[in-house]
Amino acid sequence: FEVQIGALPMPDGSGVSAVLFLRDLTSARRLEAMRVDFVANASHELRTPLATLIGFIETLQGPARDDAQARARFLEIMRVQALRMTRLIDDLLSLSRIELREHVAPTAVVDLGALARQMVDAQGPPAEARGASIRFEDGAGPYPVPGDADELARVIENLIENAVKYGGGQVSVGLAREEDARLGRRIILSVSDDGPGIPPEHIPRLTERFYRVDVASSRARGGTGLGLAIVKHSLNRHRGRLAIESAVGQGTVVRVSLPEYGAAAPLPAAADQA
Ligand code: ADP
């Protein structure tokens, strides 16, 4: 607590009264510590590929200058590291953009079912290239939610990408409706995989920036550690919820729940549907 003592004149002029101000600094300090941690983590994540790049550039300028085979191999490694930096910067920018508008409710209406189908269609071929297949279980749509189509597409994309990256090869994406006693009618999008699962102690921390169960495996699969943080912030803006259930050795189910359009106040303006 920050403590300040002040004096206030009494309204009737009969003297002064002492005032004690107490300000809770814990949450301000915690936020500041999180910010410092974030900058330190982001710098470290960018430095690692940069150090690799510099190492290879120096090798190509020196010992490997005349070795055509080594040059081709090193250039490929450098390309992969540069792509990793690009992905990281893209994710950092997305995260800060989403945070900037986190308190602005989306005004358009999005059919989550149609959007999920688009994402499954787009991600099918790259998933197959990685040896996975995605099944889409279309329910009784449409599934309208108040939302920002680009942001929701990104949410679905991130969840499917994780299921493909960390799963065992079979991914399924489904939609359903649910009546929640407190939240009203909700649309549920679920993404399941048959991968190794996530030990329970990690689950509460997965949406923290740069938190990974296994850093090496995330990096090897091209992960930045920001995907679920981006999902969480987008969902905050959409009054959405994220639930991750996992059984080690069996797989993971990630569920996103969003308010159904028209079912709960405040209603977005349909005119903004562009
Ligand atoms: P990343 O870029 O590392 O994939 P995310 O924020 O998307 O970052 O996910 C954080 C971590 O959660 C991942 O590194 C991985 O360890 C774990 N994870 C996410 N989805 C799954 C899944 N479907 N199965 C197993 N582990 C997962």
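See the structure printed just above.
Scoring rules and cut-offs
- Residues numbered from 1 in each chain as written.
- Predicted model: local features only at pLDDT ≥ 70, side-chain atom pairs only at ≥ 80, totals over all residues.
- Heavy atoms only, no water.
- Salt bridge = Lys/Arg side-chain N within 4 Å of Asp/Glu carboxyl O.
- Near = heavy atom within 4 Å.
- Polar contact = N/O pair within 3.5 Å; in protein donor to acceptor, adjacent residues only side chain to side chain.
- Areas by Shrake-Rupley, 256 points an atom, 1.4 Å probe, with all protein chains shown as cover.
- Helix = DSSP H or I, 4+ residues; strand = E, 2+ residues; numbered from the N terminus.
- Buried < 20%, exposed > 50% of the residue type's maximum accessible area, 1.4 Å probe, protein only.
- Contact = heavy atoms within 4.5 Å.
- Pairing = 2+ DSSP bridges.
- Axes fitted to C-alpha atoms, helices over the stretch in contact; angles between N-to-C directions.

**Student:** Looking at this structure, how should I read the pattern of salt bridges?
**Tutor:** Oppositely charged side chains may form a pair once their charged atoms are brought near each other. Under the definition given, this model contains 17 salt bridges. Beyond isolated ion pairs, a larger network of salt bridges with shared partners links Arg101, Asp148, Glu151 and Arg237.

**Student:** Would you take a moment to explain the site of the ligand for this structure?
**Tutor:** Not every one of the 17 residues close to the ligand is listed here, only the nearest: Tyr166, Ser218, Thr224, Gly225 and Leu228. At 3.1 Å from an oxygen atom of the ligand is found a main-chain nitrogen or oxygen belonging to Val213. Out of a free accessible area of 540 Å², the ligand has 95% covered by protein chains. Residue assignment for the shell around the ligand shows that the elements contributing at least two residues are α4 (149-166) and α6 (227-237). Here the shell around the ligand gets three residues from one element, more than from any other, and that element is α4.

**Student:** Would you take a moment to explain the side chain of Gln123 for this structure?
**Tutor:** On the secondary structure map, Gln123 appears in helix α3 (residues 112-129). Judged by its relative accessible area of 10%, Gln123 falls in the buried class. Non-local contacts of Gln123, meaning those with residues more than four positions away in its chain, are made with Ile134, Glu157, Ile160 and Glu161.

**Student:** Looking at this structure, how should I read the sheet that holds strand β4 (residues 133-137)?
**Tutor:** Either a parallel or an antiparallel arrangement is found when strands of a sheet pair, and the pairing is made through backbone hydrogen bonds. An order of β4-β6-β7-β9-β8 is seen for the five strands of this open sheet, with the pairing classed as mixed. The two strands at the open ends of the sheet, each matched to only one other strand, are β4 and β8 (241-247). Averaged over all adjacent pairs, the angle separating strand axes in this sheet is 20 degrees, with direction ignored. Across the sheet, α3 touches β4, β6 (170-180), β7 (184-193) and β9 (251-259), and the angle it forms with β4 is around 165 degrees. Strands in contact with α4 are β4, β6, β7 and β9; relative to β7, the strand with the most contacts, it is inclined by about 30 degrees.

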